[in-house]
Amino acid sequence: MFRTAHTRTVALAVALAAAAPLVPAQTTWVVNPAGGPGVDFTSLQAAVASPSVVDGDTVLVSAPPTSPSETIATVKGLTIVGVGAPPMPDVTVNGLPAGRALRLVGFTRYEPDHFRVNLLLCAGSVHLEDLHSIGPGGSSCCPVSIFGCDSVTMRDVSSYGDPVVSVTQSAATLVSCRLGYLGSTTLGGRAIFASQSVVDIVDPDFHPGFLPWPIEAFDSTLRISGDASSRIEGGPAGTTNPPAAVFTFGGSVTIDPAVTLVLPAGSAPVLGTGAFGFAPVPASWTLSAATPGQALSIRSTAPAGAAVFQAVGVPGPLTSTPLGSIGIDTAAPYGFFPPAIAPASGVVTNQLQLPAVLGPGQAFASQSVVWNGSALRVGAPVTFTTQ
């Protein structure tokens, strides 16, 4: 559990400097299909299959958009970073062991149809960031499929599909993802289908296209948070089923009232049989990618008047507690920004200066501890990786 308000605030630069060496990065490897000096592998699959590439290593991938997309499978704890948005591979991770963390950051699918990431029975942690499908395509399933995984985090992922993200018997946090209808060349689709899972949805931009709702859940816990710029759009009026933001069978749905819901007149925000309520849902997200040498804005939400203690540290596996999910490794060094009182808007923004010495692939997490005078809560975390 986090140390709480009685712990002294430490300088964030010091905390980052102390935490950075703990982020697993033993060796950095370079992949480029063109080969040449400084290149270790000409394909990503060759890199992840090499016995020389081991848990904790970072793999940097450079390739022009015209390069064909690869298909890879691994259970190594690697940080794979695209340099210059190379083509997004199709990825299968089946049985990532506990204690390992796989991160996939900075890729784009240019070809028709979306990318596919299949995560199966992972006891370790998986993080997906800055991944995008921009080619024309339909609404086939599923760009991201998560089954039986203990800890999956996503930030800045955009794609179409139906559903875009399928979560079954898993714990997942989706931050600043744009899912569903992306423009006139795509058909959209449900953003999320969740079954027997715990899912935190932070700062969403969801649009189902011509389907009635973007979120569908069965026997799951959904917590949806953000500010007025966060947006969930229901389907158009006149569809076979009435439009809504969420359809749920069993389980529970909590939506922060600050999140913008765009629905036809007279539509209910949530349909189905699950418990539903509007209530403040503390959470954090970043306003941009993490670039060494530049300031990173971290935004958090909390009830007006609440004290907000914003922490930054090394990512840890999502850990469910009665106060909320913890995504920071509390056994490693971490620091707090000076405490703030949430204004009437409920939005608190902190600036984090990232040291210029950080290389690509360094991962951090941030989340808030919120005290409203009578109760303590932990906000949903955001994980971010330097690029």
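Everything that follows concerns the structure shown earlier in this document.
Scope of this entry: the structure provided in the associated data block. (Residues numbered from 1 in each chain as written. Predicted model: local features only at pLDDT ≥ 70, side-chain atom pairs only at ≥ 80, totals over all residues. Heavy atoms only, no water.)

With the rule as written, the count across this model stands at nine salt bridges. Arg178 serves as the salt-bridge partner of Asp205, at 3.8 Å between the closest nitrogen and oxygen. With a gap of 27 residues between them, Asp205 in strand E16 (residues 205-207) and Arg178 in strand E13 (residues 178-180) connect regions that are remote in the sequence. For Arg178, a relative accessible area of 38% translates into the label partly exposed. Measuring nitrogen to oxygen at the nearest pair gives 3.1 Å for the salt bridge that ties Arg190 to Glu216. Here Glu216 lies in strand E17 (residues 215-218) and Arg190 lies in the loop between E13 and strand E14 (192-195), a separation of 26 residues in the sequence. Taking relative accessible area as the criterion, Arg190 reaches 17% and is therefore assigned buried. For Glu216, a relative accessible area of 14% puts it in the buried group. (Salt bridge = Lys/Arg side-chain N within 4 Å of Asp/Glu carboxyl O. Helix = DSSP H or I, 4+ residues; strand = E, 2+ residues; numbered from the N terminus. Buried < 20%, exposed > 50% of the residue type's maximum accessible area, 1.4 Å probe, protein only.)

Once that is clear, we can look at the environment of Gln196. Inspection of the secondary structure assignment puts Gln196 in the loop between E14 and strand E15 (198-202). Counting along the chain gives 54 residues from Gln196 to Gly250, while the straight-line C-alpha distance between them is 9.6 Å. A distance of 3.2 Å separates a polar atom in the side chain of Gln196 from a polar atom in the side chain of Gln169. (Polar contact = N/O pair within 3.5 Å; in protein donor to acceptor, adjacent residues only side chain to side chain.)

What follows is about the sheet that holds strand E32 (residues 347-353). Taken in spatial order, the three strands of this open sheet run E25-E26-E32, and their pairing is antiparallel. Lying at the two open borders of the sheet, with one neighbouring strand each, are strand E25 (283-286) and E32. Neighbouring strand axes in the sheet, compared pairwise and without regard to direction, differ in orientation by 25 degrees on average. Bridging between E25 and strand E26 (residues 295-301) involves four bridges; their strand directions are antiparallel. The residue of E26 that forms the bridge with Trp285 is Arg299. (Pairing = 2+ DSSP bridges. Axes fitted to C-alpha atoms, helices over the stretch in contact; angles between N-to-C directions.)

A few words on the environment of His132. Assignment of secondary structure puts His132 in strand E8 (residues 125-133). By relative accessible area, which is 14% here, His132 ends up buried. Remark: the alpha-carbon pair of His132 and Gly272, spanning 140 residues in sequence, is separated by 31 Å. Not counting chain neighbours up to four residues away, the residues in contact with His132 comprise Phe107, Thr108, Arg109, Phe115, Asp156 and Ser158. Here the side chain of His132 touches Ser158 through a polar contact of 2.6 Å, side chain to side chain. (Contact = heavy atoms within 4.5 Å.)

If a probe the size of a water molecule is rolled over the atoms, the empty space left behind becomes visible. All chains considered together, the criterion is met by one cavity of 30 Å³ or more. What lines the largest cavity is Ile80, Val91, Val93, Leu102, Leu104, Val117, Leu119, Val126 and Leu128. Within the residue set of the lining of the largest cavity, elements represented by two or more residues are strand E5 (90-94), strand E6 (101-109), strand E7 (117-120) and E8. Of the residues assigned to the lining of the largest cavity, the class counts are nine nonpolar, no polar and no charged. (1 Å grid on protein atoms, 1.4 Å probe; cavity = no way out; pocket = protein on both sides within 12 Å on 5 of 7 lines; lining within 4 Å. Points joined across faces, edges and corners; volume = space filled by probe spheres on them. Nonpolar A, V, L, I, M, F, W, Y, C, P; charged D, E, K, R; others polar.)

Before going further, it helps to spend a moment on the layout of surface pockets. As a volume, the largest pocket reaches approximately 440 Å³. Considering the residues around the largest pocket, the lining is formed by 27 residues, among which Ala101, Arg103, Ser125, Pro315 and Gly316 are closest to the centre. Looking at the lining of the largest pocket, the elements that each hand over two or more residues are E6, E8, strand E10 (151-159) and strand E28 (315-321). With four residues, E28 is the largest single contributor of residues to the lining of the largest pocket. Of the residues assigned to the lining of the largest pocket, the class counts are 12 nonpolar, 11 polar and four charged. In this structure, the second largest pocket occupies an estimated 160 Å³ of space. Lining the second largest pocket are 13 residues, with Ser176, Cys177, Arg178, Asp203 and Asp205 positioned closest to its centre. Ranked by residues supplied to the lining of the second largest pocket, first place goes to E10 with three residues. Counted by class, the lining of the second largest pocket contains three nonpolar, five polar and five charged residues.

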